[in-house]
Amino acid sequence: MGNCCCCDILQSDLSPAPAPYIYPPVTQPPPPDQTPEMTGGGSRLPYANADSCLRALAGQAEGFGREAIGGVHGLVHHVTSLEDDGPGSLREACRKKEPLWIVFEVWGTIHLKSHLTVSSNKTIDGRGQRIKLTGNGLRLKECEHVIICNLEFEGGRGHDVDAIQIKPNSKHIWIDRCSLRDYDDGLIDISRGSTDITVSRCHFSQHNKTMLLGADPSNIEDRCIRVTIHHCFFDGTRQRHPRVRFGRVHLYNNYTRDWGIYAVCASVESQIYSQCNIYEAGQKKGAFLYYTEKAADKEEEATGNIISDGDLFLNGGEAGSAPSGCENSVFHPSEFYSAWTVEPPSDSLKHVLKHCTGWQQIPGLQDTPVASS
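We now turn to the structure provided with this report. The model shown is predicted, which means the values in this text are computed figures rather than measured ones. (Residues numbered from 1 in each chain as written. Predicted model: local features only at pLDDT ≥ 70, side-chain atom pairs only at ≥ 80, totals over all residues. Heavy atoms only, no water.)

1. Some words on the packing of aromatic side chains
For step 1, the next point in the chain: Under the definition given, this model contains 13 aromatic pairs.
For step 2, the next point in the chain: On the numbers, 6.1 Å between centres and 45° between planes, the contact of F64 with F331 is tilted. One end of the pair, F64, is in the loop between strand 1 (37-38) and strand 2 (75-79); the other, F331, is in the loop between strand 28 (312-314) and strand 29 (341-342), with 267 residues separating them in the sequence. Neither residue differs from the other here; F64 and F331 are each classed as buried.
For step 3, the next point in the chain: An aromatic cluster of at least three residues, connected via ring pairs, comprises F64, F331, F336, Y337 and W340. (Phe/Tyr/Trp six-rings, centres within 6.5 Å; stacked < 30°, edge-to-face > 60°. Helix = DSSP H or I, 4+ residues; strand = E, 2+ residues; numbered from the N terminus. Buried < 20%, exposed > 50% of the residue type's maximum accessible area, 1.4 Å probe, protein only.)

2. Thoughts on the environment of N150
For step 1, the next point in the chain: Locating N150 in the fold gives a position in the loop between strand 9 (144-149) and strand 10 (152-156).
For step 2, the next point in the chain: Look at N150 and you get buried, because its relative accessible area is 0%.
For step 3, the next point in the chain: N150 sits 22 residues away from G128 along the chain, and the two C-alpha atoms are 9.0 Å apart.
For step 4, the next point in the chain: Setting aside residues up to four positions removed in sequence, N150 forms contacts with G126, R127, Q129, D176, R177, C178, G358, W359, Q360 and I362. (Contact = heavy atoms within 4.5 Å.)

3. Notes on the sheet that holds strand 5 (residues 116-117)
For step 1, the next point in the chain: Ordered by their spatial adjacency, eight strands build an open sheet running 5-8-11-14-17-20-23-26, and the pairing between neighbours is parallel. Where the open sheet ends on each side, the last strands, each with one partner, are strand 5 and strand 26 (288-290).
For step 2, the next point in the chain: For strand 14 (residues 188-190) and strand 17 (residues 211-213), the ladder comprises three bridges, and the chain directions are parallel. Looking at strand 17, one finds that I190 is bridged to L213. (Pairing = 2+ DSSP bridges.)

4. Digging into the side chain of N253
For step 1, the next point in the chain: By secondary structure assignment, the location of N253 is in the loop between strand 21 (248-252) and strand 22 (255-257).
For step 2, the next point in the chain: Owing to a relative accessible area of 0%, N253 belongs among the buried residues under this scheme.
For step 3, the next point in the chain: Non-local contacts of N253, meaning those with residues more than four positions away in its chain, are made with H231, C232, Q275, C276, N277, T341, V342, E343, L349 and L353.

What follows is the structure in structure tokens.
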């Protein structure tokens, strides 16, 4: 993770993570030739067809990670061991060079003794089982086309130990429906030239520095960062939902409650488009923080900017004052993709995000091979 700022302090009084819920039917996202629109009626999560068969996830992410196909053109690889390494282990599968769709024939906890490096063209698919990674986390280093789905991450210990660390120079990544909590460093960190990433339907809890996008002001290559975060539940985590340096970030239909310092931080040159999110304050009322830093190739310090479009602030929560000129210096998502599933923030949306994000009990799925193009 990058350098700390004055707001990075330890968390206390953490509440236990809620029990998982059965994943309900959901509605289908609008087809790509439609413009973004508000959904009507009761709230539903996107990706209606993602569980129709094993490989239906491939290429279905909304937002910047929409091109992530994982191991769709590879064989299905079965993890048969909960050991850190060796025959049948997850580590053995992830180091293979060929595309693989990795599934599990075991149920339980994998105690990682070191970072588990994931190579390109891999899907790590936890549907049908309950797999928890602890001790350390996944490292996506100089890779592309990775999908991580329906896993739990808890109890990572040690310096620079993140649950999912994406650096350097990785792209086309989708992290979907994972539960992440209680790591010594971050839960998801994206930096050092990594880009085109979507994080969706995840549940974050029992943690301090949740998501860092952009390593530090000296890493000007992070100007390429583009990340979409949607339909996630930040459940009492203290800060960084996310904290952003340099990059472009689209946040929509997330629920952030009871942050300890701030919800979202815009630092040097970052652009954050916050759309139809729910920010429910606890003791701290300010949802947005603007932090000034100096990029390595600039003479003057600068902050980032946040556009709040249709966000709902509850329990006295407030956006706070934005820097002057903010409205003219933040990208619009439609500059990069034509459709995404968004609805007005509501009690119904809050209920769905509380109960239907993170690891879910999903039956094992049949494989329908996808022909190579």
